[in-house]
Structures are given as C-alpha cells and as structure tokens.
Amino acid sequence: MATMRYLQAVRLAMTEEMERDPNVFLCGEEVGQYQGTYRVTEGLLQKFGAQRVVDTPISEIGIAGLATGAAMAGLRPVAEFMTWSFALEAMDQLVNHAAKITYMSGGRIHCPVVFRGPAGVGTQLSAQHSQSLESWYAHTPGFKVVLPYTPSDARGLLKSAIRDDSPVIFMEHAGLYGTSGEVEDDPNFTIPFGQAAIRRAGKHCTLVSYSRGVQLCMRAADRLAEEGVECEVIDLRTLVPLDIDTVAASVSRTHHAVVVQEEWKNVSMGSEIAARIYENAFDELDAPVERVAGADVPMPYAKNLERAAIPTDIDVAAAVKRTLA
Amino acid sequence: MARTAAKQPENNEVGSIAPADLIKSYRLMLLIRRFEESVYQKFHENKIGGYLHRYDGQEALAAGIISQLHLPGDMILCTYRDHAHALACGTPARAVMAELMGRATGCAGGKGGSMHLIDPERGFMGGDGIVGGPVPVALGVGFALKYRNTSNVCVCYFGDGAMNQGGVHEAMNMVGLYKLPVLFILENNQFAMGTSVQRSTGQPDFVLKANAHGIQGEKADGMSLFSVHDAAERALHHIRTTGEAYFLEMDCYRFVGHGIGDDNTKGWTTYRSEEDIEQWRKRDPIHSLKDYLIERNLLSAQKFEEIDQEVQEEVKDSISFAESSPEPPLDSLYDHLYS
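All chains use their own residue numbering, which begins from 1 and follows the written sequence. Both sets of labels track the order of writing: A upward for chains, 1 upward for ligands. Note on the predicted model: pLDDT of at least 70 is required for a residue's local features to be given, and 80 or more for side-chain atom pairs to be given and counted; whole-chain, interface and lining totals, by contrast, use all residues. Water and hydrogen atoms play no part in the side-chain values, which are based on all heavy atoms of the structure.

Caption draft 1: Quick peek at the overall build of chain A. Counting secondary structure elements, chain A contains twelve helices and 14 strands. This radius of gyration counts C-alpha atoms alone. The globule rule is 2.2 Å times how many residues there are, raised to the power 0.38. Over its C-alpha atoms chain A spans a radius of gyration of 19 Å, differing by no more than 12% from the 20 Å that the globule rule assigns to 325 residues. With the principal axes as the frame, chain A shows a C-alpha extent of 60 × 45 × 40 Å. Burial classes follow relative accessibility: with a 1.4 Å probe on protein chains only, a residue under 20% of its type's maximum area counts as buried, one over 50% as exposed, and anything between as partly exposed. Counting all 325 residues of chain A, 61% fall into the buried class. Surface accessibility follows the Shrake-Rupley procedure with a 1.4 Å probe radius. Residue values consider only the protein chains on display as shielding. A total accessible area of about 12100 Å² is found for chain A, and carbon and sulfur atoms account for 50% of it. Positive and negative side-chain charges in chain A, numbering 29 and 41 respectively, have mean positions lying 2 Å apart. Helix and strand assignments follow DSSP, with helices taken as H or I runs no shorter than four residues and strands as E runs no shorter than two, numbered in order from the N terminus. For the purpose of counting charges, residues Lys and Arg are taken to be positive, whereas Asp and Glu are taken to be negative. His and the chain ends are not included. Note on charges: their place is set at NZ of Lys, CZ of Arg, CG of Asp or CD of Glu.

Okay, structure coming up:
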C-alpha cells in the first residue's frame, strides 16, 4: 500500500491504463503542455507524447465530439472537462450522442468513452463555477455515473471506467484533490461499479452519500458517537448503477435514514435515493427519510451566504437527531 | 487557401467515370428515388411513424461520393435525410425499410428509425437527428482514423442549416488544427427547413467559412453526378495524399418538403414558389444522367426498362420483407442501453 493524494490516484489510474492499452488517450483543455489545470495530468504529455495527450482549444462541444466519435471508431478516449460546469456547453454531444448511440444503433456501435473532471461546490467560485449536476447525468439513460470519495476509489473506479465499453461520467471533487489515503499496489486493482462501500458501521441511523458528502457524514458520525449515537455511513461510489440493496439492508438494521448531497435538493439524487428507500424498505423505517442538500439557489459569492448554501456536518448531525427524535 | 467557383462539367464530359460505374450509379439513384416515393406512400398508410425526410433531387450526392470510398475502412456520417446514404453504402433495402417500419430485422433492430439508420460493418456510422450533430462526431472519427495510421477518410454530410450551429465550427476548427482526414460535404439544398440561406447567414460563402478554419474547399454542382464525382475525386485525392481535410459545398435542391409536415399539404409553398421548383426539376440528376446515357448509346431502351423493373422489384421486396418481419420483442426494451 502506498499513501497518495486523490489527484495523484486519478493520475495513476490514467497512467496505468494508458500503459496497458494503446487505444486509451487523453484530451481536454490544458491537459498537456500546461500540465493540467489542477495538475491532475502532470507529466503525462512527457510520458506519452502529444498524440496521446491532446491539448484542445476551449471548445467543449468539440472535445465531447472528439471523444464520442473516436470511441465510436474504436478508441478509448478519456476527455477532461476543466470543470463539470463547462460541460454544459457540450450537452448535445453528451446527452444526444454519447449516451444514446449504442441504444439507437440496436447495439451495433459501442461508445467506450470517459468524461471526467472536477465537480463540487465551494471556495467562493460563485454561481457559474460552483455547482453539482450529477443528477442530470444520472437521469439520462445510457450513462454510468461515478463519484469517488477516497484516493483508492478514485483510482480503482477510474480504471474500471476506462475499461468499460459504455460512456462513463466520472466526477472528481476539486475539494478532495488534496486528501490523502492508501492505494493498493496491484496495477490491475479495479473496483466494480454498483457496489456501495460501508465506510463506518453503526446501528442507529444510516447515512447515505457519495463524493465529498461522505466526508460530512463521517464527521457527523464522529460527533454523534460522542453522544452515543452510532451511524452507519454508506458511500454509494456509483449513482448509476445504484446499489440500493446495500442501502436497504442497512436501513433494515437501523430503521432510520438520512441522505446527504452537495447538489441542489429539488429533483435530485437525494430525491431518487429517498424514493428508492421507500420502495425497497418502507416497512423497515421508523421515521421519514431526512434529506440534507445544497440550498436551491445559484451559488452566492459572499462568504457567509456561500456557507449558508452548502451543507455541513452540523446539518447532517441535526438531521440524524430529527429522524431519531 | 484554394477556392474555386462552382465548376460546371464541360459538356457533361468528365470522362473519369467508367460506363459500368455510370450505370451502377444510375441504378442506385433510381433506387433511392423509388424507395423514397414508396416510403412516402407507406407513411400515409401509417406503416411508418416519426418524421420523414426525403432525398428526392439530391441523389447524385450520395451516389457520386460513396461509390468512390473504400468500404469498409472509410466511414460515413450524415444527418436525418439518411435513407440514401444507407442504400449507397450497400445496406440492403430490406434492412432500411424494416427499420423505417420499426421491425426487429431493421438495420438498428427497430430502435433507431428513419433518422438513425446505421450499418457500421459497411462503414455507415449513422444518420443523426440533430442538424449539426454529426460534425463534432466526425472530428472524433477522423481523429481515430489518423491515430491508427490508416489512410482512410471520414465523410461527413450535413446541410446548409448546420453551418449556423456553433458546434460545427468548433469541430471544423479542430479538424483544421489537427489536420484530420475528414471530407465535409455541405449539402446546400438552399433551405434549412423553411429558412433560406439568404435569410439565415450573414456570409453565404460557405467555402470561405471552411477556409477560415484552415480547410481547403470548393463549390460544385450537386445536381450533376459528373460534377459531384469529379469534385469528390479531387477532394479524396487531396485528403489521402496530404492527410488534411477538404470541404465541398454542393449546390442542390430537394424537390419535396423538408419533412412530412410541409410535404403533405404543400407547406413548402410558404417559403418557395412552384416556379422555382419547376426550374430546379429541369436539372433532375436522374433525368440528366439518363439523357447522357441515351445520347452516348451506353444503355439501350430495353436495358433502361430492365433496370426500372429491377429497382421497383427491389423496393417492393423490401416492403413485403418489412411488413412480414416481426416487431422487436417487448423484452428487448432495455437491451443495448449499455455495451
């Protein structure tokens, strides 16, 4: 086991897969010569050359089309969006092309493409750069949607994404890039999609989240443990496919559930997860499912307003207490 | 950047097409025309659903270019006026008709329909329901062809309306930047649905727009098989020898409405006159090719009759095949969502 930061784990996954398969290449804004906006792709141009680490103009539709078409023609592109906010430019290529071509062709065309980049909220980036839109992609049939929390997951899930024959939306969290964790030595270590991880066992309440939301849950669980409340924390890892079995099994032990997300609350992943809990474990619940989410406003700039718009571990702990009351 | 004005074939005597190939192209163009006419009829019998975009008048563009490609190997993309491109790639009329009728035997198993015909084994990477949609995809296909060091070409067809979409210019810029083997075929049929070129762009010189992205190009007469063939031959030679893209603006005209919506009730009369259509119909690419073949004694009256019969038989056969084919099984609803 080696200890490394989340962003290094993302880089390691790309490096290993590019070494393994010559059909894998990277493209995106500033991925090469600039060494990556967040330094995620640092050194890859030097290692693999300009044919496989392709700097693009600021043209998100072009990037998405480049990756989609190359995948349809047999390559395995990894396309980086500088942030997921900029992917909004490319929605037609993503939703109307990458996600649908396999189905529309009756399975005659495959589209093994990964779209990746940083997502998440915070650091006073304000409305157009600070938002979480994972539910848009989870809503669209044809995508697999992956949001890793730990460095080990970032690497293991990205390797699975690159090897997958379907289009994968891979959302890293910019606020997790600097976090450290242990990463397995095996260069073939992968994590299959659709298997949630139980990050902490507990018997009183189930906390369900993904990406940086898991961090809030872990901190809330620490706080609550001091008061004798034991929370079980589930990290979904992939939103599509969604491992509802692990969630339902946990709820059947704890009889209480809180769903935590940074994205807006209205018509969101949390809405879906809560609905699935009701569908799969209604009789096991002793109280309604609680939801902790971002405020339904464009992200404000002012520090105090931003803080009020982003959920905290204190919000999570309060929700647990409400559901247990 | 090389820019040439529309080139009229000199006395229709290009000479670069062998007689046997001319006859093949004539047969294909006639097949496309008869196929579209039958599809229109079947649409009104409620055997075909969705939208319907006919290719009548533009047949030379599918026949004159795709006949010169190396299939499989080269790859073709186009928009939703795509029945002709599938037939030109060699997709059996049966598989096309069955797709239009939503049958399991269709080229996309009934999942795609009129706008999403596809046949990758024959190089046809699909129709696309979005006006500028295939152009960014062509960037990626062209990238893959170059990445694998092939000498193949990606041919991307699209209409004049697409030239006003942002993604088209992002993609053309990147094709020019990366020097990719893409042949852009602008099927300028003068109208984006009901909006004429004059009413939709501040710069109607489309070749100039390609030049702005570092791509050479020229304008050609899209109503003449000879002109289309000749321009495509030059373009393909340029791409295969330099590895760089080429852009062809093909002047053409669709004889029917944009889609079923303005065809049925002559809705097209709101944006163009019957006189205009009559003028363009005089340049019908099938008729002029037939006249050429007669003048040169390349085909006897009896042979014409035989081809006509064959083509009608092929279309009829495709209809009975499609009508007798099963619908996709209901339990296939979730198949092919993922690979």
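Caption draft 2: Inspection of the layout of surface pockets at higher detail. All names here are of chain A. Here a cavity means grid points, on a 1 Å grid over the protein atoms only, where a 1.4 Å probe fits yet cannot get out; a pocket means an open set of points with protein on both sides within 12 Å along at least five of seven lines; lining residues are those with an atom within 4 Å of a point. Grid points are joined across faces, edges and corners, and a volume is the space filled by probe spheres set on the points. When its volume is computed, the largest pocket comes out at roughly 400 Å³. Forming the walls of the largest pocket are 21 residues, and the residues nearest its centre are Ala138, His139, Met269, Glu272 and Arg276. Going through the elements one at a time, α6 (134–139), β12 (238–240) and α10 (269–281) are the ones with two or more residues in the lining of the largest pocket. The element contributing the most residues to the lining of the largest pocket is α6, with five residues.

Caption draft 3: Quick peek at the sheet that holds strand β14 (residues 290–294) of chain A. Residue and element names in this part refer to chain A. If you walk across this open sheet you meet the five strands as β9-β11-β10-β13-β14, and the pairing is mixed. The two strands at the open ends of the sheet, each matched to only one other strand, are β9 (197–200) and β14. Between one strand axis and the next, the sheet turns through 25 degrees on average, direction left out of account. Two strands are said to pair when DSSP picks up at least two bridges between them. As paired elements, β9 and strand β11 (residues 231–235) share three bridges and run antiparallel to each other. Along β11, the bridge assignment pairs Ala197 with Asp235. We call two residues in contact whenever any of their non-hydrogen atoms come within 4.5 Å of each other. Between the N-to-C directions of two axes lies an angle of 0 to 180 degrees, each axis being a line fitted to C-alpha atoms and, for a helix, fitted only over the stretch in contact. Against the sheet, α10 makes contact with β10 (205–209), β13 (257–264) and β14, and its axis sits at roughly 160 degrees relative to β13, the strand it touches most.

Caption draft 4: Layout of the sheet that holds β12(A). Residues and elements named next belong to chain A. As summarised here, the arrangement of the seven strands in space is β3-β2-β4-β5-β7-β6-β12, forming an open sheet in which the pairing is mixed. In this open sheet, the two strands that pair with only one neighbour each are β3 (53–55) and β12. Geometrically, the sheet is characterised by an average inter-axis angle of 20 degrees between neighbouring strands, direction not taken into account. Judged from the six bridges that link them, strand β5 (residues 114–119) and strand β7 (residues 168–173) form a sheet pairing that is parallel. Counterpart to Arg116 in the pairing with β7 is Phe170. Its contacts with the sheet put helix α1 (residues 6–20) on β2 (24–28), β3, β4 (76–80), β5 and β7, and the angle it makes with β2 is roughly 135 degrees. Where helix α7 (residues 151–163) meets the sheet, its contacts fall on β2, β4, β5, β6 (144–146), β7 and β12, and the angle it forms with β7 comes to roughly 160 degrees.

Caption draft 5: Representation of the packing of helix α9 (residues 244–254) of chain A against α10(A) in the model. Residue and element names in this part refer to chain A. Running from N to C, α9 and α10 cross one another at 65 degrees; their axes reach a closest spacing of 10 Å. As for how α9 packs across α10, the hand of that crossing is right-handed. Contacts between α9 and α10 involve Ile244, Val247, Ala248 and Val251 on the former and, on the latter, Arg276, Ile277, Asn280 and Ala281. Two helices that cross are described as forming a left-handed crossing if the nearer one is turned anticlockwise from the farther one by less than a right angle, and a right-handed crossing if clockwise.

Caption draft 6: Region of the structure containing the pattern of salt bridges. Between Lys or Arg on one side and Asp or Glu on the other, a salt bridge is scored when a side-chain nitrogen of the former is within 4 Å of a carboxyl oxygen of the latter. Counted according to the given criterion, the structure contains 47 salt bridges over all chains. Of the charged contacts, one joins Glu42(A) and Arg39(A) as a salt bridge, the two residues approaching to 3.7 Å between their closest N and O atoms. Using a relative accessible area of 37% as the deciding quantity, one classes Glu42(A) as partly exposed. On the basis of relative accessible area, Arg39(A) is assigned to the partly exposed category, the value being 36%. Of the charged contacts in the structure, one is a salt bridge between Arg94(B) and Asp317(B), with a shortest N-O distance of 2.8 Å. Of the two residues, Arg94(B) is situated in helix α4 (residues 93–100) and Asp317(B) in helix α11 (residues 301–323); the sequence distance between them amounts to 223 residues. Residue Asp317(B) is classed as partly exposed on the basis of its relative accessible area of 29%. Salt bridges sharing partners connect three or more residues here, namely Glu16(A), Glu17(A), Arg20(A), Arg155(A), Lys159(A) and Arg163(A).

Caption draft 7: Representation of the interface of chain B and chain A. Counting from both sides, the interface comprises 37 residues of chain B and, opposite them, 45 residues of chain A. By buried area we mean the combined loss of accessible area, with a 1.4 Å probe, across both parts when two parts are placed together. Each partner contributes to the roughly 3300 Å² buried at the junction of chain B and chain A, and carbon and sulfur atoms together form 63% of this total. Summed over the three residues of chain B that lose the most area to chain A, namely Tyr147(B), Tyr338(B) and Ser339(B), the buried surface amounts to 22% of that side. In this structure, the connection of chain B to chain A is made through two salt bridges. As a salt-bridge pair, Arg108(A) and Glu121(B) come within 2.5 Å of each other at their nearest N and O atoms. What qualifies as a polar contact is a pair of N or O atoms within 3.5 Å, subject to a donor-acceptor requirement within protein and to the restriction that residues adjacent in sequence count only when both atoms come from side chains. Here chain B and chain A share 23 residue pairs in polar contact (both at pLDDT 80 or more) between them. Among the secondary structure elements, those contributing two or more residues to the side of chain B that touches chain A are α5 (134–147) and α6 (166–178) of chain B. Ranked by the residues each element gives to the side of chain B that touches chain A, the list is headed by α5(B), at nine residues. In terms of residue class, the side of chain B that touches chain A is made up of 21 nonpolar, nine polar and seven charged. Polar here means any residue other than Ala, Val, Leu, Ile, Met, Phe, Trp, Tyr, Cys and Pro, which are nonpolar, and Asp, Glu, Lys and Arg, which are charged; Gly is therefore polar.

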